[in-house]
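The residues making up each chain are set out below.
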Amino acid sequence: MSFSTHTRDFTSNWPQRFGHALGTGLLVSMLTLISPVASWGANTTRIADKNLVAMQTAYARNQTKRLNALLPTLKGHPLESLGAYWTLKTNLEEASPASIQAFLERWSGTYWEDRLRNDWMLQLIDREDWATLIDAHTGYRMRDDDQITCGLWRAHRRVDQTNTVTNEAIIDLWLNEAPGNRRCQQAVGDLVTAQQISTDVLWARARQGAEIESRSTMLGALTLIDKAAEPAGKTLFGQPYLWLERSGANAPSTEWITLALIRLATTDSRYFETAFARWTSTLNTAQRQWVEAVVAARAARRAEPDAHPRFKAIDNQYLTDRQRGWKARTALRAQDWDMVRDTINSMRADQQQANSWQYWLARAHTAGTPIAPDQLAHAQAILHRIAKDDDYYGLLARHTLGQAIAVHDTRPKPSKADLKRVGADPNIRAALVAFKLGLEPEASRQWTYAVALHQPGGMNDRDLLAAAEIACQAGWWNRCIHAGTRMTTTPSFMHSYPQPFEVDILAQAKELTIHPALIFGLIRQESRFNVRAHSHAGAYGLMQVMPSTALWTAKKIGLQRFNPKQLGEHQTNLKVGSHYLKILMDKFEHNVPLATAAYNAGPRRANRWRPSAETGTMEAAVWIELIPFSETRQYVQNVIANHAIYASLQTKTAFDLASLLGPIAPVGGVDSEDDTP
């Protein structure tokens, strides 16, 4: 089948490579806008650019002297504020208040001023310099750091008692604090000292740390309960069975035994059943249920048949948010729709209102026979509400309602005046220069700040449209999509779902008989069309191909003299990535959910996640919901949604989501000779 007739024309003149000529009249004028200083010569600009890149390396190596030496060469450069930030940040702990204040005043209104203010406030929290912290916070614009929120709350309790953040909000931030962070832990410590928090909440946090295998989280909670608890806590966390043998009989409370059993259930199931049988009589009902919930969630992630009866025996009040999610998924696997409904209804309001659980709640209301009229009406209302969104669950709701998935792109264009005004924004200009120089992390942060954080609520739709157009014209597809997807009243699909590299992608799709929307959708999820993308795991380029996978694929397709370094070339990356995708599509009988799960997590895992012969063939949407890795689950959902939207845009017709949601059949056995990476 040929898809070449569906070619989009609006991208035909857009740049196909980063760093190449950006060739439209608009972009030429934009680059004129962002030229460092009109009076500079080209040679001076090149020197400053080179020195800025050198400063990035010096900053990574904490070379303060080199930074100080290079900074004067950036005078007048659009990214002089970045160089000044690097220079001061490496020595921030020793910096004088006067030098910090001078920086904040000199670079007022820039991202790097706000970034340094954030860094400085974290230091002020650690120094407990509360009055200075309150004063510094008045000029803070981003206001997106929970650590600052917790520190400022502590400051106001000590200085002026004018907190607008409640104790309950601080506790909630602490319960969600990432391992390694500590300022919300310190704030909760203040509540402990003031006897304004229940010990039950502290133990709940300790259990959470034990289950998610975060020692710092568990120990942090334990030391709030008992300052001397850390040594015993370390032993319990690392060697729970040994701790039970040596200290269980003399434990300060049965809460400690509960923690040890949770650790044992999480890390060493071989000894858990024996230990649980021995110690269960010492636990109360709630403690037994907490331990059993951990076991049930572990069984659910592994698709073990006893997960459903285990969860069925646990009252929802004893479950964490995460465990409620797994109980609902386990009920989906068993088609126990009453349990699906009851579990979702027991969730906290914010979790329950997520599109994901609202969709499955609607399905649960219509699963009975016969369907009660009030339940049908309730389900229809839920589905119609979430069907307004263009995410995976919104599209799934439309499909369930029998609505066509038709995306109409009106291709709105910003005015020249808007382009000029937004393009003149110093933060936008600086972000574009950073992108041009390959300083992508710094460029992305500065762009996000300009678009979303510089003013409360971020840019309005009119300015977002201009920003998206500027990014697209620069070939900065990641930020083009970022600005496009933030538009609310007048969405622009040509910006949120761009189609760069169209000629090459269509050629690969035609050669391999893959729908081009699948390749576009996968690339949008993998790299946002960034040819220079490089993941922490080592994947490269547009399709984020691992070198080992690329070598295997190149050999499989007879690609001569292939070197993994070629993955940085977009055409080679597309060729290798598309062929690997084709191999997976063939391997999994052209089932898109299975193939995309395999692309993200590996084909062996995708095979392991297939339903058992006893379970039988499974509905695709249910199977996707049961993927045990949240990253892979969201990946598959996003690729499917991307595919559907791209297909509708390309064909300018309605798209049938059913074509992407073929049923998932049980695995037919593992081929021992299959070496697919």
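Further up the page is the structure itself.
Remember, it's a predicted structure, so these values are computed and weren't measured experimentally.

(A) Region of interest: the overall build of the protein chain. Tallying secondary structure elements over the protein chain gives 38 helices and zero strands in all. Buried residues in the protein chain amount to 53% of all 677 residues. Contacts spanning at least 24 positions in sequence make up 61% of the contacts within the protein chain whose residues lie at least 6 apart. Surface summary for the protein chain: the accessible area is close to 30,200 Å², and the carbon and sulfur share equals 50%. Where the 74 positive side-chain charges of the protein chain centre and where its 67 negative ones centre are 5 Å apart.

(B) Looking closely at the packing of aromatic side chains. Counting across every chain of the model gives 22 aromatic pairs. Ring geometry for Y392 versus Y393: centroids 4.9 Å apart, planes at 80 degrees, classification edge-to-face. Each member of the pair, Y392 together with Y393, is buried. Pairing F493 with Y497 gives two aromatic rings, centres 5.9 Å apart and planes at 35 degrees, and the pair type is tilted. Residue F493 shares its accessibility class with Y497, and that shared class is buried.

(C) Geometry of the pattern of salt bridges. Within the structure shown, the criterion is met by 33 salt bridges. When the shortest N-O distance is used, the salt bridge between D268 and R270 registers 3.0 Å. A salt bridge links R310 to E273; the shortest N-O distance between them is 3.3 Å. Taken together, the residues R310 in helix α18 (residues 307-312) and E273 in helix α16 (residues 269-279) connect sequence positions 37 residues apart. Exposure remark for R310: the relative accessible area of 28% places this residue in the partly exposed category. On the accessibility criterion, E273 (43% relative accessible area) is partly exposed. Shared partners join several salt bridges into a network, and the residues in it are D172, D321, R324, R348 and D350.

(D) Main features of helix α27 (residues 440-453). With 14 residues, α27 should reach 20 Å at 1.5 Å per residue; the first-to-last C-alpha distance of 18 Å fits that figure. E440, E442, A443, Q446, W447, Y449, A450, V451 and A452 are the residues of α27 that are buried.

(E) Region of interest: unusual backbone geometry. Unusually for a residue other than glycine, E213 sits at a positive phi of about 65 degrees. Following the sequence through the fold, E213 ends up in the loop between α11 (199-211) and α12 (215-225). For E213, a relative accessible area of 48% translates into the label partly exposed. With a phi angle near 55 degrees, F501 is a residue other than glycine that sits in the positive phi range. Mapped onto the fold, F501 is located in the loop between α30 (493-496) and α31 (502-512). For F501, a relative accessible area of 1% gives the class buried.

(F) Looking closely at the packing of helix α26 (residues 426-436) against α27. The geometry of α26 relative to α27 is characterised by a closest axis approach of 8 Å and an angle of 160 degrees between their N-to-C directions. For the element pair α26 / α27, the angle class is roughly antiparallel. By crossing handedness, the relation of α26 to α27 is classed as left-handed. Listed contacts from α27 to N427, I428, A430, A431, L432, A434 and F435 of α26 are A443, Q446, W447, Y449, A450 and V451. Counted by class, the contact of α26 with α27 contains 11 nonpolar, two polar and no charged residues.

(G) Representation of helix α8 (residues 146-159) in the model. Taking 1.5 Å as the rise per residue, α8 with 14 residues should run 20 Å; its terminal C-alpha atoms sit 20 Å apart, in good agreement. Among the residues of α8, those classed as buried are Q147, I148, C150, G151, L152, W153, R154, A155 and H156. For α8, the secondary structure elements touched by its buried residues are α6 (111-127), α7 (130-137), α9 (167-175) and α10 (183-193). Measuring from the backbone nitrogen of Q147 back to the side-chain oxygen at the start of α8 gives 2.8 Å, which picks out D145 as the cap. Just downstream of α8, Q161 is the residue with a positive phi angle, here 55 degrees.

(H) Spotlight on the side chain of Q123. Locating Q123 in the fold gives a position in helix α6. Here Q123 is in contact with L92 and E93, once residues within four sequence places are set aside.

(I) How the structure looks around the state of the cysteines. If you walk through the whole model with that rule in mind, you get two disulfides. Here C472 engages in a disulfide with C480; their sulfurs sit 1.7 Å apart. Taken as a pair, C472 and C480 share a single burial class, namely buried. Of note for the protein chain: the bonded cysteines, numbered N- to C-terminal, pair according to 1-2, 3-4.

(J) Up close: the side chain of R363. By secondary structure assignment, the location of R363 is in helix α22 (residues 355-365). Within the local environment of R363, its side chain forms a polar contact with the side chain of E619, the two groups lying 2.9 Å apart.

About the cut-offs
- Residues numbered from 1 in each chain as written.
- Predicted model: local features only at pLDDT ≥ 70, side-chain atom pairs only at ≥ 80, totals over all residues.
- Heavy atoms only, no water.
- Helix = DSSP H or I, 4+ residues; strand = E, 2+ residues; numbered from the N terminus.
- Buried < 20%, exposed > 50% of the residue type's maximum accessible area, 1.4 Å probe, protein only.
- Contact = heavy atoms within 4.5 Å.
- Areas by Shrake-Rupley, 256 points an atom, 1.4 Å probe, with all protein chains shown as cover.
- Lys, Arg positive; Asp, Glu negative; His and termini not counted.
- Charge placed at Lys NZ, Arg CZ, Asp CG, Glu CD.
- Phe/Tyr/Trp six-rings, centres within 6.5 Å; stacked < 30°, edge-to-face > 60°.
- Salt bridge = Lys/Arg side-chain N within 4 Å of Asp/Glu carboxyl O.
- Expected span 1.5 Å × (residues − 1).
- Axes fitted to C-alpha atoms, helices over the stretch in contact; angles between N-to-C directions.
- Parallel < 35°, antiparallel > 145°, perpendicular 65-115°, else oblique.
- Left-handed = near helix turned anticlockwise from the far one by under 90°.
- Nonpolar A, V, L, I, M, F, W, Y, C, P; charged D, E, K, R; others polar.
- Polar contact = N/O pair within 3.5 Å; in protein donor to acceptor, adjacent residues only side chain to side chain.
- Disulfide = S-S within 2.5 Å.

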